[in-house]
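# Secondary and tertiary structure notes
These are the residues of each chain, in order.
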Amino acid sequence: MARAPQDASEASERRWLQAAARGDRSAFEALYERFERPVYRYIVGLLGNADAAQDVLADTMLDVWRCAARYGGVSRPSTWIFAIAHHKAIDCGRRRKTPTLALDELARVPDPSEPPDDIALRGFEAHEVALALGELRADHRAVIELAFGHGYGYREIAAIVGAPAGTIKSRVFHARKHLQAILERRGVQREVS
Amino acid sequence: MKKSDVEELLPFYVSDTLDQHERAHVEAELAEDAALRSECTRIADLARFVAMAHEHADVPPASVRARVFARISGSRLSLPQAALSRLRPVFGALAAVLIVLVGYTFSHRPNAPQATPAEPRLEMQVQPQLKQSAARTPQVANLMVKPAAGNVRDAQIAREGNLILLVDDVARALRETQIYARTHGAVVTSLEDDVPPDARSRHLGKIAIRVPAEKFDEAMDALARLGALQGRSATVEDIGRQIVDSAARLRNLRRTETDLLHIMDRSGRVSDILEVQNQLSTTREQIEQLDSELQNMRDRVAYASVGVSFSANATATSAEPSMRAQIGDAWERALRGVRSFMIALIAAALGALAFLPFILVAAGGLYLVWRRLARFLNSR
């Protein structure tokens, strides 16, 4: 499971963010390298569309560059960056209305007739989970992605999403119940249930 | 803690993000409740599946990165609004203090001598031996400075110096400066020999040379000996940060250029290729501009500029100035008078503006007193 950044890397992230606020492009490059993939994965998970996610990622990183000086240092840098990405993705999702899975993602569905070696099976199950996540409501998908995909605690998720911590706990509870039901319906239940 | 609360905490127990207190509660409940343990296992499996879906997720294409860095390279970082808004009260207070100070200074010193244009950019110190002549000629006082000794040599320093000299023979002084330049690896960058049209005018000359940076002090001293020193100034500017910043920007732009070339290789549609080509052209233009700026800054560090102004000791005849010269002087005096008057006027207006709140409060107080007094008198 992807974990939330630990103390050592958090210190580097803070340093990069402070340097980026002073216009240091190399620090921003380091920050970009660090967050490009996790943020993109989160946005893709939220929007279910790779093209839109790329636009949101670019917007997010540009905002990080422009607004680095606004980072107050209260939350972790990753929480701050994910919060920017979250709000941009939600705005984008509202404009798009219907989240869809990109065609290239659908094209990567493994052929069930292939020999069922472990890698292919894992790929197939991962794809099924991605589809199941796509069936969730956007706010449920967001908390599941943050809790299980990125390893954030409920307080950090509350900061990212902008909701009270109690709401986040109950939202994660209901979202995972719903996700488990979808996965069982899809047949990815051997290990989940 | 209720069971439902513990259930809500289970996902975060699995992801190990609970604090010690919460974790202890959950573990105590898990030890007693088999159903809860089973639920915990289900959540762990679910978390593993979601994480697995993440491992199989796409990575963002390089074009996103290229787009972000192209936008960043094309724009200068402005001071963020939040920082500005945080500093706004400070700016306000500073502006108020500045207005009061300016108003006070000008309203109390209307005939103060005008500031000279050249201001030293780093720490300077006035040469003691020149203080006396500086006091006599206030218009060159601020020029008579020399860089403070220190570790400025370690930085990327751009140096500029100016000398004002009185000489017996301006033409000879100009020649000697040229010879000095030739024999010391310097280059003459400009030369003006203002030969007087008549015997009553003064012969003036100006020459600017660029000397290797390490010979700057030596050149200033040598050239100062060509005549009677009237003024000497030296400005030093550390442009190391600008050089480093420009070099970094250049590196980024070159990287962006490479990325754009890769994208262009992969692009299929003509419209896409044209768009990328357009971006590439902009990036290359920025690269050329930045490269030239960088070269210029490095030249400024490698070669220092020294300007020398020569003035003949006296005119050929020291007779009464011509009528034209007298009229010119009168006109200049009149202009100076108008300038001083305008500055005093603006200072008075600023002073009034700064004291406006106090004036309003005082006026309000007087109005209230007057109303009460009027009421009191009416009642009697």
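Residues numbered from 1 in each chain as written. Chains lettered and ligands numbered in written order. Predicted model: local features only at pLDDT ≥ 70, side-chain atom pairs only at ≥ 80, totals over all residues. Heavy atoms only, no water.

### A look at the overall build of chain A
Broken down by element type, chain A carries 9 helices and 0 strands. Mapped in sequence order, the helices and strands of chain A form the string α-α-α-α-α-α-α-α-α. In chain A, which comprises 193 residues, the proportion classed as buried is 53%. A separation of at least 24 residues holds for 69% of the contacts in chain A among residues at least 6 apart in sequence. With an accessible surface of roughly 8500 Å², chain A has 52% of that area assigned to carbon and sulfur atoms. (Helix = DSSP H or I, 4+ residues; strand = E, 2+ residues; numbered from the N terminus. Buried < 20%, exposed > 50% of the residue type's maximum accessible area, 1.4 Å probe, protein only. Contact = heavy atoms within 4.5 Å. Areas by Shrake-Rupley, 256 points an atom, 1.4 Å probe, with all protein chains shown as cover.)

### Notes on the overall build of chain B
The helix and strand tally for chain B stands at 12 helices and 7 strands. Counted over contacts in chain B with a minimum sequence separation of 6, partners at least 24 positions apart contribute 73%. Just so you have it, chain B exposes about 24000 Å², and 56% of that area is on carbon and sulfur atoms.

### Section: the nonpolar core
Membership of the largest hydrophobic core comes to 79 residues, with the highest contact counts inside it found for Phe-28, Ile-43, Ile-157, Ile-168 and Leu-179 of chain A together with Val-68 of chain B. By residue number, the principal contributor to this core is helix H2 (residues 25-47) of chain A, which donates 11 residues. In this structure, Ile-207, Val-211, Phe-216 and Ala-219 of chain B belong to the second largest nonpolar core, which totals 24 residues. (Core = buried A, V, L, I, M, F, W, Y, C linked by side-chain atoms within 4.5 Å.)

### What to know about the pattern of salt bridges
Side chains that differ in sign of charge can pair as their charged atoms come close. Considering all chains together, one arrives at 29 salt bridges over all chains under this definition. Measuring nitrogen to oxygen at the nearest pair gives 3.3 Å for the salt bridge that ties Arg-94 of chain A to Asp-91 of chain A. Placement of both Arg-94 of chain A and Asp-91 of chain A in helix H4 (residues 77-96) is noted, with a separation of 3 residues, approximately one turn of the helix. By relative accessible area, which is 56% here, Arg-94 of chain A ends up exposed. Residue classification places Asp-91 of chain A among the partly exposed residues on the basis of a relative accessible area of 37%. A salt bridge links Asp-221 of chain B to Arg-232 of chain B; the nearest nitrogen and oxygen atoms lie 3.0 Å apart. Taken as a pair, Asp-221 of chain B in helix H8 (residues 216-224) and Arg-232 of chain B in strand E6 (residues 228-238) lie far apart in primary sequence, 11 residues in all. Linked by salt bridges that have partners in common, Arg-176, Lys-177 and Glu-184 of chain A together with Glu-39 and Arg-42 of chain B make up one network. (Salt bridge = Lys/Arg side-chain N within 4 Å of Asp/Glu carboxyl O.)

### Thoughts on the packing of aromatic side chains
A ring pair, where both rings are aromatic, is described by two values, the distance of the centres and the angle of the planes. A full pass over the atoms with the stated rule returns 10 aromatic pairs over all chains. With 5.3 Å between their ring centres and 65° between their planes, Tyr-32 of chain A and Phe-69 of chain B make a pair best called edge-to-face. Of the two residues, Tyr-32 of chain A is situated in helix H2 and Phe-69 of chain B in helix H4 (residues 62-74); the pairing between them involves two chains. We classify Tyr-32 of chain A as buried; its relative accessible area is 0%. Of the residues examined, Phe-69 of chain B reaches a relative accessible area of 6% and is grouped as buried. For Arg-34 of chain A, the ring lying beneath its charged end belongs to Phe-35 of chain A, and the centroid distance is 4.6 Å. (Phe/Tyr/Trp six-rings, centres within 6.5 Å; stacked < 30°, edge-to-face > 60°. Lys NZ or Arg CZ within 6 Å of the ring centre and 35° of its normal.)

### Focus: the interface of chain A and chain B
Residue-level contacts link 61 residues of chain A with 48 residues of chain B. Taken over both partners, the interface formed by chain A and chain B buries close to 5200 Å², and the fraction arising from carbon and sulfur atoms is 61%. Our enumeration of links across chain A and chain B arrives at 9 salt bridges. In this structure, the connection of chain A to chain B is made through 10 residue pairs in polar contact (both at pLDDT 80 or more). Counting only elements with at least two residues in the side of chain A that touches chain B, the list comes to helix H1 (7-21), H2, helix H3 (50-66), helix H5 (103-107), helix H6 (118-135), helix H7 (138-149), helix H8 (154-161) and helix H9 (165-186) of chain A. The residue makeup of the side of chain A that touches chain B, split by class, is 28 nonpolar, 10 polar and 23 charged. (Buried area = accessible area lost by both parts, 1.4 Å probe. Polar contact = N/O pair within 3.5 Å; in protein donor to acceptor, adjacent residues only side chain to side chain. Nonpolar A, V, L, I, M, F, W, Y, C, P; charged D, E, K, R; others polar.)

### Looking at the pairing of strand E3 (residues 157-167) of chain B
Residues and elements named next belong to chain B. Bridging between E3 and E6 involves 10 bridges; their strand directions are antiparallel. Across the sheet, residue Arg-159 finds its bridge partner in E6, namely Val-236. With 8 bridges joining them, E3 and strand E7 (residues 303-312) adopt parallel strand pairing. Its bridge partner being in E7, Leu-165 is matched across the sheet by Phe-310. (Pairing = 2+ DSSP bridges.)

### Description of unusual backbone geometry
For Asp-16 of chain B, which is not a glycine, the phi torsion comes out positive at approximately 55°. By secondary structure assignment, the location of Asp-16 of chain B is in the loop between helix H1 (3-14) and helix H2 (20-32).

### What to know about the sheet that holds E3 of chain B
All names here are of chain B. Spatial ordering of the open sheet is given by E4-E5-E7-E3-E6, a layout of 5 strands whose pairing is mixed. What marks the edges here is a single partner per strand, and that holds for strand E4 (187-194) and E6. When strand polarity is set aside, the average angle formed by the axes of neighbouring strands in this sheet is 10°. Pairing between E4 and strand E5 (residues 204-212): 7 bridges, direction antiparallel. Counterpart to Val-188 in the pairing with E5 is Ile-209. Across the sheet, helix H7 (residues 170-183) touches E3, E4, E5 and E7, and the angle it forms with E5 is around 10°. Sitting on the sheet, helix H10 (residues 270-302) is in contact with E3, E5, E6 and E7, with an inclination near 60° to E7. (Axes fitted to C-alpha atoms, helices over the stretch in contact; angles between N-to-C directions.)

### Structural notes on the packing of H4 of chain A against H8 of chain A
All names here are of chain A. Relative to each other, H4 and H8 sit at 45°, their axes nearing to 8 Å. Classified by the angle their axes make, H4 and H8 are oblique. Here H4 and H8 pass one another in a crossing that is right-handed. Contacts between H4 and H8 involve Thr-79, Phe-82, Ala-83, His-86 and His-87 on the former and, on the latter, Glu-156, Ala-159, Ile-160 and Val-161. A breakdown of the residues in the contact of H4 with H8 according to their chemical character gives 5 nonpolar, 3 polar and 1 charged. (Parallel < 35°, antiparallel > 145°, perpendicular 65-115°, else oblique. Left-handed = near helix turned anticlockwise from the far one by under 90°.)

### Quick look at the side chain of His-86 of chain A
Along the chain, His-86 of chain A turns up in helix H4. Here His-86 of chain A is in contact with Tyr-42, Leu-46, Ala-142, Ile-160 and Val-161 of chain A, once residues within four sequence places are set aside.

### Focus: H8 of chain A
Along an α-helix, residues three or four apart share an orientation, since each turn contains 3.6 residues. Among the 8 residues of H8 of chain A, 6 are classified as buried, and the element is accordingly described as predominantly covered. Along H8 of chain A, the residues that are buried comprise Tyr-154, Glu-156, Ile-157, Ala-158, Ile-160 and Val-161 of chain A. Those residues of H8 of chain A hidden inside the fold are in contact with H4, H7 and H9 of chain A together with H1 and H2 of chain B. Count one or two residues on from H8 of chain A and you reach Gly-162 of chain A, which has phi positive near 80°.

Function cannot be inferred from these measures alone, as they are strictly geometric.
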